[in-house]
Structures are given as structure tokens and as C-alpha cells.
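# Residue-level structural notes
So you can see what is in the structure, the chains are spelled out below.
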Amino acid sequence: MVTIADPPRVLDAHASRVWLRRFARTTAGVVVLVAIIVSTTCVVGGLACGAALNARITEQRAVLENTEPFAYAAQNLYAALSAADAAAATAFLSGGTQTPLTRARYQQALAAAASALADATAGSPDMATRQALAGISAKLATYTGLVEAARANNVQGFPIGSAYLREASTLMQTSLLPAAAKVFTDDLARVDEAQREVGKPPVVGLLLLGLAVIAIVVGSVILFRRTNRQFNVGLVVAAVVVIAAIGWVVVATRFAAADIEHSRVDGTGKIGQLAEARILAQQARTDETLQLITRGDITASEKAYFGYIDDLTARLGTGSPAATAAVDSWVAGHRRQVAAYAEDYPAAVAQALSTERGGSAAQFAVVESSLREDIEATRETLREGVADAGGYLAWTPTGTLVLAVIAAAAVVVGLWPRLKEFL
Amino acid sequence: MKRRVATVLLATALTVAGCGVSATPPPSISLGPAIVRPAGAEEVTAPPQAPVADCDVEASLRPGTQPPPGDMPPESTMAKIQERGRLIVGVDQNTFMSGFRDPATGELAGFDIDLAREIAQKIFGDPDKIVLQVVDAGQRESALKSGQVDLIVRTFSITCARKENVDFSTVYLYAKQRILVPKKSRIDSAASLSGKRVCAVTGTTSLIRLYELKPKPNLIEVPSWTDCLVMLQQAQVDAISTDDVVLLGLAKQDPSLRVVGDSLGIEPYGVGVAKGKEDLVRFVNGVLAQMRADGTWERLYSTWYSSLGPSPGPPEPRYQD
């Protein structure tokens, strides 16, 4: 049945193609062709541009709603984990039995870690990150078990308590914290990548709109030769509208890109630096307390401490005067601790743990809180930049599409009287 | 018939329309158990120490007349220590009863700590003129060599190999190497350690002796004896083998353990002194001789090691000149 039906259809198509070719050579045909080609390029250009801009807005929303909050959660996770470790070590140094205050601090840090872990897991973008976060979760459970074992043994006066605490701290320092740091740096890189995407101009869409302008010019020239009329109002209006659309898109994306650049350099980049500074401060603090727990030769540990501090001040630069000042008084406190270490060990411990003014614990808390405040402020810069960029882009997809349709309609309306002359 | 075809077509159309959502569930992640070991825990594969020619292990220098506290002979090593104001001693903080950190006070205590304080007492007339520096077992010789500490009082077995690098006082305690296992374990001798995982501390004579056992057990080395106990409690090793005084301290922290087996060997403990400080060796030997004579040794033994059984009495010193 199908084989019988085919030949007439082919014949039919052939005949209509011949007719079309003949029609296209007539002036009426040329007018129709110009109308179709010009209006189509307008609409296609508008669609492509609108779609690209829409994708940028989606990406921009994803940064604000997902990627950035996830990076923030990962950064909080790191801070909470190291705070828990610091609280455990402090409790150990100040005598095995925890005071209600140190116990409360430890439990608060664990709760903060659990919250950050839930936030981070919910925003986790891929399998590898979920796997890493599950690993942190499992090891955190093991860690708390070891800390409690240490506590139970310390209460009985058994030195094995310190072995459990060493094991717990090793787990934290060599496994949990590096994993959390990696989750954070990976996600910060994703934030940066997404920001770049938002700031990119929609090149293909703009080229297509440019093509529409060229099509209008070429169409006008052809019509001028055929009909001897200089300007077609419809085509002129279409050209103006398309050029306006191009201008709008270029200006909006330029403004958006400027905001994004600000958000990347003064937001994302600075958060990276501050987070590294925070990690270095935590490592220096761990080193400081660990050298009291180990109570051996501190030459190597001192070298490591000042290495961390040097890196820390380099990261801070001149951008965070409060944190830099706090680091200076912390280092002064550390020097008092080292001076007391050999002659008067209990005084060194007291210096390290003191939360009075001048105590290392107090100074470290100031460093930590000023870094945290800087991170919060920088986070706002990051998010505001991205949100502002979104503001510039907000109406561009609809706008370009509407303008493109108006241009196409202007072409059709403008050419209709020319075509009518032949009907 | 037609209706059935229509149904099939409709069903196919619906399935095709719903494409993109697959029936296979998304992959879920899975983790192995989080195994934790103490920092520095390693399998022992290479022999811990090369064998050394025999020597007279226990012989040490004869003490001269003891100078009174606070009045050390000029130019002597003790005079330099006196000038500095403190005696620096390398000790342990993780071995219960010998040298350990009391978690309640944060202070170091034990037989070795008291012995070190006794030496400070004899130099300054004040047992508190002392700096206690914690030294790992593997670092005892290098801490003396570098001058980081004046003395090592840290369950330090006198051996010929060590005597090539450092000097020793006379013997202040004899220990016997034995085995610590869970009460339910079938291990009851050195022979039954075959194929079992046994823990010991890096750089100790206990580890060397375990390595020489035939057949050799699977050895794991860690930085301190409490790390071994942690691994035993976490079922990562089957037994710990070292000196009875150390094992006693470990067993006191875990009532589910017991010490088994005959002695694998005798360990004579001495105070370690850097090479070339003969005056300090003679002085320490003088202090030890006084402690043996005036009952101080017996007092320390009954304070720290009474649960090992009745005191065997202080070891007889042997002098080489």
C-alpha cells in the first residue's frame, strides 16, 4: 500500500518545488522571502539570546540558593570540628575531669558540627562529596567515642586516657579536618566557576541578533533594487528594535559582569584567603596545646608554630587589621608560654589555657572571632554582588524575546503593503 | 483485538512520554568501618637493631666520695648543672607506676620520677630543682647525645648496643619481659605468640627480643605503651609483651587483662648519661648506693611496685673500676 502511494507524492512535491522556484523569481516572491528570512532571524536571535540569559539567571540563583550556602556550611563544618578538638585538648590539659564549662563548649562544638554537616550534605553536588561527608560523619562518631573513652579513663587516673585522646586528636588532624577542608575548597572553586558563567556575555545570541541586523540591511538593499523605494518603515523599525535589544543585553551583561567580578575578587577570593587563615590559626593553636600535652623537646613544634603564624599573617595581609592585631598579642602570649615551659610547666599550661586578658586561649578566641566576622562580612559582599548581577539580568530574557517578536512583527507589517500591490 | 492493540499503543506512548525517569534507583554511597589506630602504629618488617658484640652489661664506674648537696666540685658536670639551677631529666609520662602523668593533677609521678627527684635532691638539696622532659623510648639515646637532657630515667634497659652510644649507672631495678593478654586469651607463653599480633614500643629491647622469637609473631610498633593498651582494647592486637613493671602498670588500668608466661629475659634498668661525663656517672652511682643503704630504694619500691610481689631488695651494684 505504501509503495503504491509514494510516487504521486514525490511528483507532487517536485511540482510544488518548481512552482516555488518560479514564484521566488517574481518581485512578490522576493518580498515574501525577505519577510520570512528577516523575521525568522530576529526571532531565532531573540530566542537564543533569551535562553542564554535565562541560563545565566538560573546559574545565578543556584549560586545564591545552593552552591554558596553549601560552601559556607563546609567552612562552618571545619571550624566546628577544630573547635571540638580544641575543647577536648583543653579539658585534658586542665586536668582530666572536664569542668561543666569545657564540657558545654565541647558539646556546643559537636552540635555545630552536626548542623553544618546536615547543611553541607543537603547541598552536596555529587557522589564524591557525599562520600566525603559520609566519611566525616562516620569518623566523627568514632572520634566522640574515643574522647569519651579518654574521659572515662582520666576520671580513674589512668594514663591510657591520654593515649585515647592522642588517638582521637590524630584522627581529627589527619583525617577529619583535611576531608572537611577539601570539601570546602572544592565547593569554593565551584562557586567561582558558577560566578564566571553568570558574568559571561551571551556571545552566540548576540551574534544571531547581529545577523538579524545584517539580514535587515541586505533585505532593504534587495527591496530597493526591486521596488525602487528607498526605505521600508517596517524594516527600519525592526533594525532599531533589534539594535536596542543588542544594546540592552550588552549593557546589562557588562554591569552584571562588573558586579560578578567584584563579588569574585572581594568575595570568593577573599573568603578563600580568610578560610585558609582560619585553618592556619587553628593549626597553630593545636600545635601550641599539643606541645604541652607531649611535653617533650619543643624545637620542631615551635618551628611549625611560627611557620603557621607567618603564613597566617601573609594571608591576612592588610585587609583585616583586627585579626592581625589579635595575632600579634596571641604570639606574645605564646612566647610567655614557651619562656615558662622549661622552668615552670604549670605556669606554661596556665598561660596556654587562660581566658583572662593576655592568656593564649583568650587571644586565640579573639583571632578566631575576628576571622569569623571577616568571613561573614565577605560572604555578604559575595552574595550581594551575585544578587545585584541578577538584578541587571532579571528582565533581559523576556525583554530580548519581546523585542525580537516586535521586530519580526514590524518586518511583516512593513512589507505587507508591498506584497498587497501584487495581489 | 483492535482494542488490545490500542491499549498496547497507548501504553507504549505513555512509557515513551515518561522517558528520562529510569526505574533503576540512583546510586547510594557506602562506606567501610572507620578504623582508627594510634599515631605512629606500624607493622615491624625490618629487624629493629643490628646485633652487637658481647660486653659486661651491668658494670659501671665506682663512685668516689659524694660531695654534699649544693656544693658540687668546681669544673665538674654537676657544678655546671648547679650553676644552671635545674637538673634536666628525660622521663616518660605514659607508663603507669614508672613515669606517668597523673590526669587529676597534671603532674608527673612514678618510680623513675621519684628517682630523678632524688638525684636533684642530692645535687641541690631540693628535689624540685628539676625539669622533667618527656622523651619517647626511641629518642632516649639521641636526647642524651644532643645535650637536650642531662639524664635519662625512663625504664632504660642497659644493653651492649646502647653502651656504645651512652653511659649507664649501676642497675637500679631488674625487670622481666613477660606477656599481657586478655583473661580469655589462649596465649600463655612465648611459643603461643606464633601467628598472633603482638604490640611493642619502637626502639625498646622488648621489641628486639620479640623479633628474635622463632617463629616470629606479627609485630606492631607504637610510640608508647599506653598506645599498645589502646590497640589491645580495640582488638587490633592480641598481646603486649614487655617488662613486668610496665605490664603491671598497664594491667592496673584494665582489669580484664592478665600477665602470663615465663620470663623472656631479664632487663637491667639504669640511669642513662651522655658519653664522656664520667663524673656524673660516678655521682649518680653514689646516689644509688646511698638509696640502697638508707632504705629510700625500698620505700620507692613499696610505693610503686608492691603489687609485683614482695620486694626482691635493691640490685647489687657491680663496679668495673
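None of the values given here were measured: they were computed from a predicted structure.

### A few points about the overall build of chain A
Assigned secondary structure in chain A consists of 12 helices and zero strands. Along chain A, helices (α) and strands (β) appear in the sequence α-α-α-α-α-α-α-α-α-α-α-α when read from the amino end. Taken over the C-alpha trace, chain A has a radius of gyration of 34 Å; the compact-globule value for 423 residues is 22 Å, which it surpasses by more than 25%. Here chain A holds 423 residues, and 47% of them are scored as buried. A separation threshold of at least 6 residues defines the contact pool for chain A, and within that pool the share at least 24 residues apart is 82%.

### Re the overall build of chain B
A count of helices and strands for chain B gives 10 helices and 15 strands. Since a compact globule built from 321 residues should have a radius of gyration of about 20 Å, the 29 Å found for chain B marks it as more spread out than a globular shape. In terms of principal-axis extent, the alpha carbons of chain B reach across some 120 × 45 × 40 Å. When the 321 residues of chain B are sorted by exposure, 45% land in the buried category. If you take every contact in chain B between residues at least 6 apart in sequence, the share linking residues at least 24 apart comes to 73%.

### Some thoughts on the environment of I279 of chain A
All names here are of chain A. Secondary-structure assignment places I279 in helix 7 (residues 233-294). The class for I279 is buried, based on 25 C-beta atoms found within 10 Å. It is 9.8 Å that separates the C-alpha atoms of I279 and E368, two residues lying 89 residues apart in sequence.

### Concerning the environment of T324 of chain A
Residue and element names in this part refer to chain A. For T324, the location among the structural elements is in helix 9 (residues 321-343). Note: C-alpha distance between T324 and G199 (125 residues apart in sequence) is 33 Å. Ignoring sequence-local partners within four residues, the contact set of T324 consists of T313 and L316.

### Quick look at the interface of chain A and chain B
Between chain A and chain B, the residue contacts involve 32 residues of the former and 29 residues of the latter. It is helix 4 (residues 127-155) of chain A that provides the largest number of residues to the side of chain A that touches chain B, a total of 11 residues. Looking at side-chain class alone, the side of chain A that touches chain B contains 12 nonpolar, 13 polar and seven charged residues.

### Some details on unusual backbone geometry
Residues and elements named next belong to chain B. Omega for the bond connecting K214 with P215 falls within 30 degrees of zero, at -5 degrees, which places this linkage in the cis form. Turning to its location among the elements, P215 is positioned in the loop between helix 6 (205-211) and strand 11 (218-222). Unlike most non-glycine residues, M97 shows phi in positive territory, near 85 degrees. Mapping M97 onto the fold places it in the loop between strand 3 (94-95) and strand 4 (99-101). Here M97 falls in the buried class, since 22 other C-beta atoms lie within 10 Å of it. The residue A235 is not glycine, and still its phi comes out positive at about 60 degrees. By the secondary structure assignment, A235 is in the loop between helix 7 (225-233) and strand 12 (239-243).

### Some thoughts on the packing of helix 2 (residues 27-93) of chain A against helix 12 (residues 396-420) of chain A
Residues and elements named next belong to chain A. Put simply, helix 2 and helix 12 touch, their axes get as near as 7 Å, and they point 175 degrees apart. Here helix 2 is positioned roughly antiparallel relative to helix 12, judged by the angle of their axes. By residue class, the composition of the contact of helix 2 with helix 12 is 23 nonpolar, seven polar and one charged.

### Let's talk about the sheet that holds strand 5 (residues 108-109) of chain B
Residues and elements named next belong to chain B. Reading across from one edge, 3-4-5 is the order of the three strands in this open sheet, with antiparallel pairing throughout. If you trace the sheet from one side to the other, it starts and ends with strand 3 and strand 5, each paired once. Summarising the sheet, strand 3 and strand 4 pair through two bridges and their orientation is antiparallel. Its bridge partner being in strand 4, T95 is matched across the sheet by G99.

### Considerations on the nonpolar core
Core analysis: the largest hydrophobic core is formed by 205 residues, its most contacted members being L77, A238 and V242 of chain A together with C228 of chain B. Residue contributions to this core peak at 27 residues, all from helix 2 of chain A. The two domains that each donate at least three residues to this core are domain 1 (42-46 + 174-266) and domain 2 (77-173 + 269-308) of chain B. With sequence-adjacent residues up to four places away left out, V242 of chain A is seen in contact with C42, L209, A212, V213 and A407 of chain A.

### Points about the environment of V246 of chain B
All names here are of chain B. Of note, V246 is situated in helix 8 (residues 244-251). Through-space distance from the C-alpha of V246 to that of M97 is 7.7 Å; in sequence the pair is 149 residues apart. Setting aside residues no more than four positions away along its own chain, V246 makes contact with T95, S98, T155 and W225.

### Some thoughts on the domain arrangement of chain B
Residue and element names in this part refer to chain B. Looking at chain B, the domain boundaries give domain 1 (42-46 + 174-266) and domain 2 (77-173 + 269-308). On a C-alpha basis, the centres of domain 1 and domain 2 stand 25 Å from each other. Across the contact, 20 residues belong to domain 1 and 17 residues belong to domain 2. Of all elements in the fold, only strand 9 (173-182), helix 7 and helix 8 reach the threshold of two or more residues within the side of domain 1 that touches domain 2. The element that contributes the greatest number of residues to the side of domain 1 that touches domain 2 is helix 8, accounting for six residues. Of the residues that constitute the side of domain 1 that touches domain 2, the class distribution is nine nonpolar, eight polar and three charged.

### Things to note about the pairing of strand 10 (residues 197-201) of chain B
All names here are of chain B. Among the five residues in strand 10, four count as buried, and that is most of the element. The pairing of strand 10 with strand 11 spans five bridges and is classified as parallel. Across the sheet, the residue bridging to A200 is E221, located in strand 11. You can see the chain leave strand 10, run along helix 6 and come back into strand 11, and the turn it takes is right-handed.

### A short note on helix 2 of chain A
Helix length check: helix 2 of chain A, at 67 residues, gives a terminal C-alpha distance of 96 Å against a target of 99 Å (1.5 Å per residue), a fit within 8%. Of all the bends in helix 2 of chain A, the greatest, near 50 degrees, is centred on V63 of chain A.

### Let's talk about the pairing of strand 14 (residues 266-269) of chain B
Residues and elements named next belong to chain B. Side chains E267 and Y269 of strand 14 all project onto a buried face; the interleaved residues I266 and P268 project onto a face where none is buried. Relative to strand 14, strand 9 is paired through four bridges, and the arrangement is antiparallel. Paired with L173 across the strands is Y269, a residue of strand 14.

### Overview of the packing of helix 7 of chain A against helix 10 (residues 345-353) of chain A
Residue and element names in this part refer to chain A. Relative orientation of the contacting elements helix 7 and helix 10 amounts to 155 degrees, with a least axis distance of 11 Å. Classified by the angle between their axes, helix 7 and helix 10 sit roughly antiparallel to one another. Regarding helix 7 and helix 10, the two cross each other, and that crossing is left-handed. Contacts between helix 7 and helix 10 involve E288, T289 and L292 on the former and, on the latter, A348, V349 and A352. Broken down by class, the residue content of the contact of helix 7 with helix 10 amounts to four nonpolar, one polar and one charged.

Cut-offs applied
- Residues numbered from 1 in each chain as written.
- Chains lettered and ligands numbered in written order.
- Predicted model: local features only at pLDDT ≥ 70, side-chain atom pairs only at ≥ 80, totals over all residues.
- Helix = DSSP H or I, 4+ residues; strand = E, 2+ residues; numbered from the N terminus.
- Rg over C-alpha atoms; globule rule 2.2 N^0.38 Å.
- Buried ≥ 20, exposed ≤ 12 C-beta atoms within 10 Å, placed from the backbone.
- Contact = placed C-beta atoms within 7 Å.
- Nonpolar A, V, L, I, M, F, W, Y, C, P; charged D, E, K, R; others polar.
- Axes fitted to C-alpha atoms, helices over the stretch in contact; angles between N-to-C directions.
- Parallel < 35°, antiparallel > 145°, perpendicular 65-115°, else oblique.
- Pairing = 2+ DSSP bridges.
- Core = buried A, V, L, I, M, F, W, Y, C linked by C-beta atoms within 7 Å.
- Domains from an automatic or database assignment.
- Right-handed = clockwise from strand over helix to strand, strands pointing away.
- Expected span 1.5 Å × (residues − 1).
- Bend = angle between axes of the 7 residues up to and from the residue.
- Left-handed = near helix turned anticlockwise from the far one by under 90°.

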